[in-house]
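Secondary and tertiary structure notes
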Amino acid sequence: ELDTNLAALTMASARATAEKIRCQEEVNRTNKTIELANRLVKGLEWEHWYKDVQIAMKHSETLPQHCPQSPSSRRESSSSLIPPRNKTVDETLQHGNRENQPPDG
């Protein structure tokens, strides 16, 4: 009877170990996907920002010298020269998780 129990427990342990390895591999694949998604989003943000800066620079070159921009326009164009800082997928997921949790205290 002990040998039967030992065999059953050994088999259960082997299945659990295989499942753990499978889950870890899935975690690794998911982390890689998130990393690639973050890189893609950041690349697209920078590409969009770069195009906006190029358009702003072309626009400022075509303005007549005697026609200054309004202060609000100058503020907009100078702030558009600052690269975007959007949340990564990880930050968005963490923020979403915090929203669904009860307040501290």
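Residues numbered from 1 in each chain as written. Predicted model: local features only at pLDDT ≥ 70, side-chain atom pairs only at ≥ 80, totals over all residues. Heavy atoms only, no water.

With that settled, the discussion passes to the overall build of the chain. From N to C terminus, the chain includes three helices and zero strands. From first element to last, N terminus to C terminus, the chain shows the α and β order α-α-α. Evaluated residue by residue, the chain yields a buried proportion of 6% over its 105 residues. Surface exposure of the chain reaches about 9,300 Å², of which carbon and sulfur atoms provide 59%. (Helix = DSSP H or I, 4+ residues; strand = E, 2+ residues; numbered from the N terminus. Buried < 20%, exposed > 50% of the residue type's maximum accessible area, 1.4 Å probe, protein only. Areas by Shrake-Rupley, 256 points an atom, 1.4 Å probe, with all protein chains shown as cover.)

Turning next to the confidence of the model for the chain. Residues with a pLDDT of 70 or more make up 57% of the chain, whose mean pLDDT is 75. Within the chain, the element-level pLDDT minimum falls on helix H2 (residues 71–79), averaging 47, and the maximum on helix H1 (residues 2–62), averaging 91. The model gives residues 70–78 a pLDDT under 50, and that stretch makes two contacts with residues more than four places away or in other chains. (pLDDT = per-residue confidence, 0-100. Contact = heavy atoms within 4.5 Å.)

Given two aromatic rings, one states the distance between the centres and the angle between the planes to describe the pair. In the structure shown here, the tally under the stated rule is one aromatic pair. Seen from their ring centres, Trp-46 and Trp-49 are 5.0 Å apart, and the 80 degrees between their planes marks the pair as edge-to-face. Here the residue Trp-46 and the residue Trp-49 both occupy positions in helix H1, the gap between them amounting to three residues, near one helical turn. Using a relative accessible area of 43% as the deciding quantity, one classes Trp-46 as partly exposed. Since its relative accessible area comes to 18%, Trp-49 is described here as buried. (Phe/Tyr/Trp six-rings, centres within 6.5 Å; stacked < 30°, edge-to-face > 60°.)

Okay, the pattern of salt bridges next. Inspection of every chain in the model, using the stated rule, returns three salt bridges. One salt bridge connects Glu-26 with Arg-22, and the closest N-O pair in it is separated by 3.4 Å. Separated by four residues within a single helix, Glu-26 and Arg-22 lie in helix H1, roughly one turn from each other. The partner of Glu-47 in a salt bridge is Lys-51, and the shortest N-O contact between them spans 3.3 Å. Taken as a pair, Glu-47 and Lys-51 lie in helix H1 at a separation of four residues, close to a single helical turn. Accessibility expressed as a relative area gives 41% for Glu-47, which makes it partly exposed. Taking the relative accessible area as the measure of exposure, Lys-51 reaches 47% and is therefore partly exposed. Look at the salt bridges and you will find they share partners, linking Glu-19, Arg-22 and Glu-26 into a network. (Salt bridge = Lys/Arg side-chain N within 4 Å of Asp/Glu carboxyl O.)

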